[in-house]
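A look at the structure
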Amino acid sequence: MAQKGVQLDEEAFSCSICLDLMKDPVTIPCGHSYCLNCIKGFWDEEDQKKLYSCPQCRQTFTLRPVLVKNAILAGLVEELKNTGLQAAPADHCYAGPKDVACDVCTGRKLKTVKSCLVCLASYCEKHLQPHYESPAFKKHKLVEPSKNLQENICSRHDEVMKMFCRTDQQCICYLCSVDEHKGHDTVSAAAERTERQRELEGSRQQIQQRIQDRDKDVKVLQQEVEALNRSAEKTAEDSEKIFTELIRLIEKRSSEVKQQIRSQQETEVSRVKELQEKLEQEITELKRKDAEMEQLSHTEDHNQFLHNYPSLSQLSESTHTSSINIRPLRYFEDVTAAVSELRDQIQDILRQTWTNISSLGTQVDVLLLDPKAEPETRAGFLKYSCEITLDPNTANDYLLLSQGNRKVTVVSQKQSYSSHKDRFTFFCQVLSRESLTGRCYWEVEWRGTAVDVAVTYKNISRSVNGEGCDFGNNDKSWALTCFQKKIEFWFNKIKIPVSGPQSSRIGVYLDHRAGILSFYSVCETMTLLHRVQTTFTQPLHAGLFLFDCGSTAELCKLPSSRRH
């Protein structure tokens, strides 16, 4: 138990930076204590920020605190040392396979706590002390342990690379700056780091902002999904109720028609039978009359014949003076025709209503529309407009970029672009910085003899002799070539003549997932010039190819755009 108590005391008086018993202990304003040299070295690294912090609690100080030795704590530490119980370095202090080992230690090496960019060596806490205590090491640059110190040595001059060539974008030594990099734009590596650090912080802020924006978008989409599900369930239930009511209504009308037909049937049959009975009675009477007349015609006594003739020769008035027209069958056929007409009308209504329902069903969501549905108006295309800029690292040396890298002009004077593997060296071509996926729309305004408005995979050839690297002359790019009096479409060395109105503004619509690429002439109205249906296997980049000096092309700022 006594040993455990001593061990606890050692931990209480250990520096959290070097993990050893404090040497010349000092206490900073927040109350934490450190070795004098440890906290000085820690704050030396923060000098550029002009903001100093506690390694443990992270409290910050705008002014660098004055360090004064803590005499009481120093006495306690000294007393603890005098007990003779200070343990040998624990196993976790020795360098493992993944750690940086001290370059000075012999035998089993301790872990490095700092690497020196001047000495090009790494040191454990013990062997680092001269850097803190000796004025000779005051200007040495200490960094976190690094296994790659040799990468800071110039392979040509065997000197530390303390400079940076902005022209060639690489670290160099002082001798390089007066040798093969003479006349280049060179600065100290520290100055370049400072500038790049600012850019890095700016990029991080943009990334963090985009993360926040995307998180908001994800939440909005989740809400949209929930709303869509609720709406779909309610609509399905309501539709089922409405169709059930409609079916019941039709069944009721069907029953009423049947009852009406049966009632009319009974009425008509009764009327016909009544007339039939009257006619049969009249026939019986007429037959009796005819028999009496026949008997009279055979009477031989002239006086008797003349006496009886007046009473027999007068016929009673007939029940019907005209022929009877029977129409019940035709009447019921009219009912059938009327029901058939009603059926046709209902079918037409259902067909039209179903078309409307289907179209409404495909428009309820924002991002999950039918991938093959292409907008029909410019306003529809503008919903997918994206901000595109041109990449200077891809621009041919005779292309001048302007307007925030949205406009490109062919010039006679070679531009001073740095060497880059993505640069087109043969044709006056340039790619967009942004890769294009999903649904995108952009417009190009051009002037000159001709221009290629293209999309391409980024791995298109940059051959120095131009073989296969011009847009449309390979299977990696698709190009609409616009001349003053004609338009052509090129893909994989195959030319297709295009008919359509000449325009100085070309609209491009891309649906990457659906494999649709469409080119439009944009004037007062939009006219489709050419559409491609294929399968895109990589992200695409917008491309421009200008044919002659003075020609220009510009990626237009559109009235309603979204962040890509």
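Details of the structure are given in the entry above.
Presented here is a report on the structure given in the accompanying data block. (Residues numbered from 1 in each chain as written. Predicted model: local features only at pLDDT ≥ 70, side-chain atom pairs only at ≥ 80, totals over all residues. Heavy atoms only, no water.)

For the rest of this paragraph, the subject is the nonpolar core. Among the nonpolar cores identified, the biggest contains 39 residues, and Val-408, Trp-442, Trp-478, Leu-480, Ile-506 and Leu-517 are the most heavily contacted of them. In this structure, Leu-480 is in contact with Val-451, Asp-452, Val-453, Ile-487, Glu-488, Phe-489, Val-498, Ile-506, Phe-519 and Leu-529, ignoring residues within four places of it in sequence. Counting residues in hydrophobic clusters, the runner-up holds 18 residues, among them Met-22, Val-26, Trp-43 and Cys-54. (Core = buried A, V, L, I, M, F, W, Y, C linked by side-chain atoms within 4.5 Å. Buried < 20%, exposed > 50% of the residue type's maximum accessible area, 1.4 Å probe, protein only. Contact = heavy atoms within 4.5 Å.)

Looking now at the sheet that holds strand S6 (residues 121-123). Spatially, the three strands line up as an open sheet ordered S6-S5-S7, and their pairing is antiparallel. In this open sheet, the two edge strands, each paired with only one partner strand, are S6 and strand S7 (142-143). (Pairing = 2+ DSSP bridges. Helix = DSSP H or I, 4+ residues; strand = E, 2+ residues; numbered from the N terminus.)

In this model, Gln-403 sits at a positive phi of 55°, which is unusual for a non-glycine residue. Here Gln-403 shows up in the loop between strand S11 (399-402) and strand S12 (407-410). Take Gln-403: its relative accessible area is 44%, and that puts it in the partly exposed class. The phi dihedral of Asn-492 is positive, around 55°, even though this residue is not glycine. Within the secondary structure, Asn-492 sits in the loop between strand S17 (487-491) and strand S18 (494-498).

Take the pairing of S18 next. In terms of strand pairing, S17 meets S18 through five bridges, oriented antiparallel. Across the sheet, the residue bridging to Phe-489 is Ile-496, located in S18.

Another aspect to go through is the pairing of S12. As defined by bridge partners, S11 adjoins S12 across four bridges and the pair is classed as antiparallel. Looking at S12, one finds that Leu-399 is bridged to Val-410. Between the antiparallel neighbours S11 and S12 lie four residues, among them Gln-403 with a positive phi of about 55°. Of the strand pairs in this sheet, S12 and strand S23 (residues 552-555) are connected by three bridges, and their pairing is antiparallel. Directly across from Val-408, in S23, lies its bridge partner Ala-553.

Bringing the pattern of salt bridges into the picture now. Applying the stated criterion across every chain, the model contains 30 salt bridges. A salt bridge links Glu-195 to Arg-166; its shortest N-O distance comes to 2.7 Å. Note that Glu-195 is positioned in helix H6 (residues 189-297) and Arg-166 in the loop between strand S8 (163-165) and strand S9 (170-172), a separation of 29 residues in sequence. Beyond isolated ion pairs, a larger network of salt bridges with shared partners links Arg-166, Glu-192, Glu-195, Arg-196 and Glu-199. (Salt bridge = Lys/Arg side-chain N within 4 Å of Asp/Glu carboxyl O.)

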